Amino acid sequence: MAVEAETRISDLGVDKRLADLGLSLPEVATPAGAYIPALRTGNVVQTSGQLPLVDGALPATGRLGAEVSLEQGYELARQCILGALAAVKSVTGSLDDIAQVVKVTGFVSSAVDFYDQPKVVNGASELLGELFGEAGRHSRSAVGVAALPLNAPVEIELQVLLRG
């Protein structure tokens, strides 16, 4: 039965799965410095860190375990990965070109006594699994930091391998 479910996931396009989940990709964020949102090198795309922007603004600011709850952080990580996927699509033309999600690096702005960074970054990882099935399984780092740009609670980087 699990094989059949995986087959069905791979038969659908990623844009269709996003729509089925009630999600859409945001506009690619304008860089706030001397970098680009994503870089393709051969069959690999690496994104710059993506903040959880919604319509160009942060829906929440602050640190996890202080101003931002674990549940909010999880949802913000999901938004970050949507931004990362938009950056990937900007250099590939299609998310269906992704053969494998390779690595997710999550940075979580954390209060001194907050230790649930992996639970926050699960928001990104679990969404990748929903979108890509087995190809969404990846290696990962979830790092607690003192502060992030614009006082963002979460920032995510993504690396993917493309087909062919």
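Figured I'd write up the structure that's included with this text. (Residues numbered from 1 in each chain as written. Predicted model: local features only at pLDDT ≥ 70, side-chain atom pairs only at ≥ 80, totals over all residues. Heavy atoms only, no water.)

Remarks on the sheet that holds strand E3 (residues 98-109)
Either a parallel or an antiparallel arrangement is found when strands of a sheet pair, and the pairing is made through backbone hydrogen bonds.
Phase 1 of the analysis: Read from one edge to the other, the open sheet built from five strands follows the order E1-E2-E5-E3-E4, with strand pairing classed as mixed. At either margin of the open sheet sits one strand with a lone partner, and together these are strand E1 (38-41) and strand E4 (139-145). With strand direction ignored, the average angle separating the axes of adjacent strands in the sheet is 15°.
Phase 2 of the analysis: In terms of strand pairing, E3 meets strand E5 (residues 154-162) through nine bridges, oriented antiparallel. Bridged to Gly106 within E5 is Ile156.
Phase 3 of the analysis: Running over the sheet, helix H3 (residues 70-92) touches E1, strand E2 (44-47), E3 and E5 and is turned about 40° from E5. (Pairing = 2+ DSSP bridges. Helix = DSSP H or I, 4+ residues; strand = E, 2+ residues; numbered from the N terminus. Axes fitted to C-alpha atoms, helices over the stretch in contact; angles between N-to-C directions. Contact = heavy atoms within 4.5 Å.)

What about the environment of Gly164?
Phase 1 of the analysis: Along the polypeptide, Gly164 turns up in the segment after E5.
Phase 2 of the analysis: Residue Gly164 is classed as exposed on the basis of its relative accessible area of 94%.
Phase 3 of the analysis: Each C-alpha atom, one on Gly164 and one on Ala99, is 8.6 Å from the other, the two residues being 65 residues apart in sequence. (Buried < 20%, exposed > 50% of the residue type's maximum accessible area, 1.4 Å probe, protein only.)

Observations regarding the pairing of E1
Phase 1 of the analysis: Bridge count between E1 and E2: four bridges; the pairing is antiparallel. Pairing of Leu39 across the sheet is with Gln46, part of E2.
Phase 2 of the analysis: Linking E1 back to E2 in an antiparallel pair, the connection comprises two residues, with Gly42 at a positive phi of about 65°.

Observations concerning the layout of surface pockets
Phase 1 of the analysis: Taken as a whole, the largest pocket encloses approximately 250 Å³ of empty space.
Phase 2 of the analysis: Every residue lining the largest pocket is counted, 15 residues in all, and those nearest its centre are Thr30, Ala32, Tyr35, Gly49 and Leu51.
Phase 3 of the analysis: Classifying every residue of the lining of the largest pocket by side-chain character gives ten nonpolar, four polar and one charged. (1 Å grid on protein atoms, 1.4 Å probe; cavity = no way out; pocket = protein on both sides within 12 Å on 5 of 7 lines; lining within 4 Å. Points joined across faces, edges and corners; volume = space filled by probe spheres on them. Nonpolar A, V, L, I, M, F, W, Y, C, P; charged D, E, K, R; others polar.)

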